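Secondary and tertiary structure notes
Each chain is listed here by its residues.
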Amino acid sequence: MITKVARYLLATLLIAGLVHIAAVLLIPNYAPHRAYDAVIQAAAPARLTLVAPNASPLPGLDPAFVYAVCPLTPHTGPVRLAGAMPDSYWSVSVVDDTGRIVASLTREDADTDTIDLTAGGTAATAGGAAATVPLASQAGFFLIRAMVEHRSARPDVEARLRALSCAAVKPG
């Protein structure tokens, strides 16, 4: 009798655990507020836009960094990010429309202080970019972060990010 109750209790706990794990893993697919949707509403496609940490479409950004986004949609086609990066620590991530980071590059990874990266295309459509990141859905965004080492350096870091070129790659 006790073993039968123990088996039912164990089976119930096992099923409850599996349901809980499945629910947690499925939540991002049904979330109404996706990072991609927030970025598309806040920034024009294939245009670099600085985002303030306190008024950002992406919550929880560190105020010690300057952030910029450059969205790409199926309508823009591949988008190329190019230019000189700030002297401080920086990172560039390519985020797909599900919010997953597909590729990331940091100052330590790069062998130069300039960046030339195309997202959403293939090597044949990269327009001469040094690196290409394919996206299955052809939708996503670049997330650029640059550290501000001192408050007085913020305007310079912002100016360096504004100077980056982020534009749709012309076919052909």
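To be clear, the structure that these remarks concern was listed above.
From a predicted model like this one, the values you see are computed outputs, not experimental measurements.

Scoring rules and cut-offs
- Residues numbered from 1 in each chain as written.
- Predicted model: local features only at pLDDT ≥ 70, side-chain atom pairs only at ≥ 80, totals over all residues.
- Heavy atoms only, no water.
- Disulfide = S-S within 2.5 Å.
- Helix = DSSP H or I, 4+ residues; strand = E, 2+ residues; numbered from the N terminus.
- Phe/Tyr/Trp six-rings, centres within 6.5 Å; stacked < 30°, edge-to-face > 60°.
- Buried < 20%, exposed > 50% of the residue type's maximum accessible area, 1.4 Å probe, protein only.

1. So, the state of the cysteines
- This structure, assessed with the given rule, holds one disulfide.
- Paired through a disulfide, Cys70 and Cys166 show a sulfur-sulfur distance of 1.8 Å. Across the S-S bond linking Cys70 and Cys166, the dihedral sits near -95°, which makes this disulfide left-handed. Taken together, the residues span a long stretch of sequence, with Cys70 in strand E2 (residues 65–72) and Cys166 in strand E9 (residues 165–168) at a distance of 96 residues.

2. Some details on the packing of aromatic side chains
- This structure, assessed with the given rule, holds two aromatic pairs.
- Taken together, a centroid distance of 6.2 Å and an interplanar angle of 45° make the contact between Phe65 and Tyr67 tilted.
- We classify Tyr67 as buried; its relative accessible area is 5%.
- When the ring of Phe65 is compared with that of Tyr89, the centres are 6.3 Å apart and the planes differ by 85°; the resulting orientation is edge-to-face. Taken together, the residues Phe65 in strand E2 and Tyr89 in the loop between strand E3 (79–84) and strand E4 (90–96) connect sequence positions 24 residues apart.
- Exposure remark for Tyr89: the relative accessible area of 29% places this residue in the partly exposed category.
- By the ring-pair criterion, three or more aromatic residues cluster together here, those being Phe65, Tyr67 and Tyr89.

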